[in-house]
Amino acid sequence: PFLVFTSNVFAILGLRSLYFAVAGLINKFRYLKPALSLILVLVGVKMLAAKWLKIWLGETFNLTVLAVIIGILVTGILTSI
C-alpha cells in the first residue's frame, strides 16, 4: 500500500509542475489550448473504445494513439508560430 500511495503522490507532483509549464505556454502559443482540448477528447474516446481499438488497430494501438497525440500537439504549436 505504501508503494502505491507514494507512486500516486509523485505522479500528482509531476503533473502539477507540468501543468504550470503548459499554463505558461498557453499565452505564447495561440492554438495550444484547442490542441490540448482535442487531445483530452482523444484520450477519453480511447479509454471508452479501447476494446474496439485493439481489434481495429491491432496490438500497437497505444503507439498509434500516442503518435496521433504528438501530431496534434506539434500541429497546434506549429500553427501558432
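Refer to the structure presented above.
A short tour of the structure in this document, coming up. All of these numbers come straight from a predicted model, not from anything done at the bench.

**What to know about the overall build of the protein**
Item 1. Counting its regular elements, the protein contains 4 helices and 0 strands.
Item 2. For the protein, the α and β elements follow one another from N to C terminus as α-α-α-α.
Item 3. In summary, the protein has a C-alpha radius of gyration of 16 Å against a globular reference of 12 Å for 81 residues, an excess of more than 25%.
Item 4. For the C-alpha atoms alone, the extent of the protein along its principal axes is close to 40 × 35 × 15 Å.
Item 5. Expressed as a percentage of its 81 residues, the buried residues of the protein come to 16%.
Item 6. Once local pairs closer than 6 in sequence are excluded, the contacts in the protein between residues at least 24 apart make up 59%.

**Considerations on a nonpolar patch on the surface**
Item 1. Together, Leu63, Leu66, Ile70, Val74, Leu78 and Ile81 give the surface a local cluster of nonpolar side chains, amounting to about 640 Å² of exposed area.
Item 2. Mapped onto the secondary structure, Ile81 falls in the segment after helix 4 (61-80).
Item 3. When its relative accessible area of 74% is taken as the criterion, Ile81 is described as exposed.

Cut-offs used in this document
Residues numbered from 1 in each chain as written. Predicted model: local features only at pLDDT ≥ 70, side-chain atom pairs only at ≥ 80, totals over all residues. Heavy atoms only, no water. Helix = DSSP H or I, 4+ residues; strand = E, 2+ residues; numbered from the N terminus. Rg over C-alpha atoms; globule rule 2.2 N^0.38 Å. Buried < 20%, exposed > 50% of the residue type's maximum accessible area, 1.4 Å probe, protein only. Contact = heavy atoms within 4.5 Å. Patch = residues over 30% accessible without salt bridge, like charges linked within 9 Å, V, L, I, M, F, W, Y side chains within 5 Å. Areas by Shrake-Rupley, 256 points an atom, 1.4 Å probe, with all protein chains shown as cover. Salt bridge = Lys/Arg side-chain N within 4 Å of Asp/Glu carboxyl O.

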